[in-house]
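Examining the three-dimensional arrangement
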Amino acid sequence: MAPEAGPVAPQADARPSRRARLLRTAAALVLIAATCFAVGGSLRGGAGTEMAEAAGRPGGVLLLIAALLANAAGLVLSMLSWRVLVVDGGSTARTSDTARIFFIGVISKFVPGRIWGVLAHIQLGKAVGIAPERMIAAFGLGLVIGMTTGAAAGLLVAPAVFGAGAWVFAPLVLLAAAAVARPGWVGRLVAWTMRLARRPDGAAEGSPRALRLSIGWACASWAVSGLHLWAIVVLLGAPPLLSLPVCVGGFALATVAGSLAFVLPDGWGARELVLLAPLGAVMPLSAATAAVIASRLVCVLSEVAATGAALAWARAAGPLPTPRPALQEGAA
């Protein structure tokens, strides 16, 4: 007969404290308010009028739906690029949970400052068992990879903007190819940054396979998300073949510029200003302005819709499975 197990210590209350619940509610309200402001700002900026006029053109509704789907698909690919970095440390977090974290971080960019996205990732990561150091490292690695691949994709605008002089950008193309072949410098750069911030840098040393996968997903994300702008400019009369590389490269370059202007909510103003130059090379400035305004609204709507879908998916997946308690020593 096995000896009787000793008394089991009472489990600590896993429910968050009253202060934590209040902070979580306040953060949710701030995100909701910022999102509403972003949508309302796009509509007040004339995007609603431009979208309504575009929808009235032949095939307009289908092209606008395609634009929304293209940007949403690009966001999903971007999430996969980031998730590879998160689970590289051995995390078993579910895809639905990491998607929830990523997309909440996406809409947090409507609040000025990058720090809110980092804090959201850290707090939400803790809830699914991901160490803060891993979340910080994944955020930093994802930011470097996203901006590097975005800048490389932005080179697609060179032939349309610079014509025969575009060959001067060839060394940058070779540099981007070298970064894919030897991605270790990305991890070293983030590790060095974390050491400056006096953070443990071991989590920043992503494996070469994970870094290459992340770079591949990021490149695919830029290629797909830029198609939303292409659908809009074709609807507004731009030549389809000439405008395709301009839209893909221009949107990537403008998004990177908006990310650098981190004091502006979602790079408002900076992204539009950078995007006008390449679009002006393939269509009249008035039409390019309308396309830029419509693109902003399409991006905001698709980001909000994708975030809602991610939250619904995570909720449908249910709570994390509770680990089975270990048997007391001596118990059968």
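Residues numbered from 1 in each chain as written. Predicted model: local features only at pLDDT ≥ 70, side-chain atom pairs only at ≥ 80, totals over all residues. Heavy atoms only, no water.

Further remarks concern the overall build of the protein chain. Counting secondary structure elements, the protein chain contains 13 helices and 0 strands. Mapped in sequence order, the helices and strands of the protein chain form the string α-α-α-α-α-α-α-α-α-α-α-α-α. A buried classification covers 41% of the 332 residues belonging to the protein chain. Look at the contacts in the protein chain between residues 6 or more apart in sequence, and 76% of them connect residues 24 or more apart. By element, 70% of the accessible surface of the protein chain is carried by carbon and sulfur atoms, the whole surface being about 17,600 Å². (Helix = DSSP H or I, 4+ residues; strand = E, 2+ residues; numbered from the N terminus. Buried < 20%, exposed > 50% of the residue type's maximum accessible area, 1.4 Å probe, protein only. Contact = heavy atoms within 4.5 Å. Areas by Shrake-Rupley, 256 points an atom, 1.4 Å probe, with all protein chains shown as cover.)

Bringing the side chain of Thr149 into the picture now. By the secondary structure assignment, Thr149 is in helix α6 (residues 132-153). Relative accessible area serves as the criterion here: at 8%, Thr149 is assigned to the buried category. Contact partners of Thr149, with chain neighbours within four places excluded, come to Ile215, Ala218, Cys219 and Trp222.

A word on the confidence of the model for the protein chain. A low pLDDT means the predicted coordinates there should not be read in detail. Across the protein chain, the average pLDDT comes to 74, with 60% of residues at or above 70. Scored below 50 in pLDDT, residues 1-14 shows 6 contacts in the model against residues more than four places distant or in partner chains. (pLDDT = per-residue confidence, 0-100.)

Moving on, we come to the packing of aromatic side chains. Enumeration according to the criterion identifies 2 aromatic pairs in this entry. Pairing Trp82 with Phe102 gives two aromatic rings, centres 5.7 Å apart and planes at 40 degrees, and the pair type is tilted. Separated by 20 residues along the polypeptide, Trp82 in helix α3 (residues 60-87) and Phe102 in helix α4 (residues 95-107) bring together distant segments of the chain. For Trp82, a relative accessible area of 5% corresponds to the buried category. Taking relative accessible area as the criterion, Phe102 reaches 10% and is therefore assigned buried. (Phe/Tyr/Trp six-rings, centres within 6.5 Å; stacked < 30°, edge-to-face > 60°.)

This paragraph deals with the pattern of salt bridges. Summed over all chains, the structure comprises 2 salt bridges. Note that Arg94 and Asp97 form a salt bridge whose closest N and O atoms lie 2.8 Å from each other. (Salt bridge = Lys/Arg side-chain N within 4 Å of Asp/Glu carboxyl O.)

In the structure, Thr149 is positioned 104 residues away from Leu253 in sequence and 9.6 Å away in space, judged by C-alpha atoms. A polar contact is formed between the side chain of Thr149 and the backbone oxygen of Ile145, at a distance of 2.7 Å. Only 3.0 Å separates the side chain of Thr149 from the side chain of Trp222, close enough to count as a polar contact. (Polar contact = N/O pair within 3.5 Å; in protein donor to acceptor, adjacent residues only side chain to side chain.)

Moving on, we come to the packing of α3 against helix α10 (residues 208-235). Axis separation between α3 and α10 bottoms out at 8 Å; the angle between their running directions is 165 degrees. Comparing the axis directions of α3 and α10 gives the class roughly antiparallel. Handedness of the α3/α10 crossing: left-handed. Classifying every residue of the contact of α3 with α10 by side-chain character gives 20 nonpolar, 9 polar and no charged. (Axes fitted to C-alpha atoms, helices over the stretch in contact; angles between N-to-C directions. Parallel < 35°, antiparallel > 145°, perpendicular 65-115°, else oblique. Left-handed = near helix turned anticlockwise from the far one by under 90°. Nonpolar A, V, L, I, M, F, W, Y, C, P; charged D, E, K, R; others polar.)

With that settled, the discussion passes to a nonpolar patch on the surface. A contiguous nonpolar patch, built from Val61, Ile65 and Leu69 and spanning about 280 Å² of accessible area, is present on the exposed surface. Within the secondary structure, Val61 sits in helix α3. (Patch = residues over 30% accessible without salt bridge, like charges linked within 9 Å, V, L, I, M, F, W, Y side chains within 5 Å.)

All right, on to helix α12 (residues 270-279) then. Those residues of α12 lying buried are Arg271, Glu272, Leu275, Pro278 and Leu279. Down the axis of α12, the buried set is contained in an arc of 125 degrees. They therefore lie on one face. In α12, the exposed residues that point more than 90 degrees away from the buried face are Leu273 and Ala277. (Arc of directions from axis to C-beta.)

Right, let's talk about α10 for a bit. Along its 28 residues, α10 runs 41 Å from first to last C-alpha, staying within 8% of the 40 Å computed at 1.5 Å per residue. The sharpest bend along α10 reaches about 25 degrees and sits at His228. Backbone geometry just downstream of α10 places Gly237 in the positive-phi region, at approximately 105 degrees. (Expected span 1.5 Å × (residues − 1). Bend = angle between axes of the 7 residues up to and from the residue.)

What follows is about the packing of α6 against α10. When two helices pack together, their arrangement is captured by the angle between the axes and the distance separating the axes. Relative to each other, α6 and α10 sit at 50 degrees, their axes nearing to 9 Å. In this view, α6 runs oblique relative to α10, as classed from their interaxial angle. The handedness of the crossing between α6 and α10 is right-handed. In contact with Leu141, Ile145, Gly146, Thr149, Gly150 and Ala153 of α6, α10 contributes Leu211, Ser214, Ile215, Ala218, Cys219 and Trp222. Here the contact of α6 with α10 is built from residues that sort into 8 nonpolar, 4 polar and no charged.

With 25 residues, the main nonpolar core has Trp82 and Phe103 as its most contacted residues. Secondary structure elements with two or more residues in this core: α3, α4, α5 (115-127), α6, α10 and α13 (285-317). Here this core gets 6 residues from one element, more than from any other, and that element is α4. Residues contacting Trp82, with those up to four places away along its chain left out, are Thr98, Ile101, Phe102, His121, Met135, Ala138 and Phe139. (Core = buried A, V, L, I, M, F, W, Y, C linked by side-chain atoms within 4.5 Å.)

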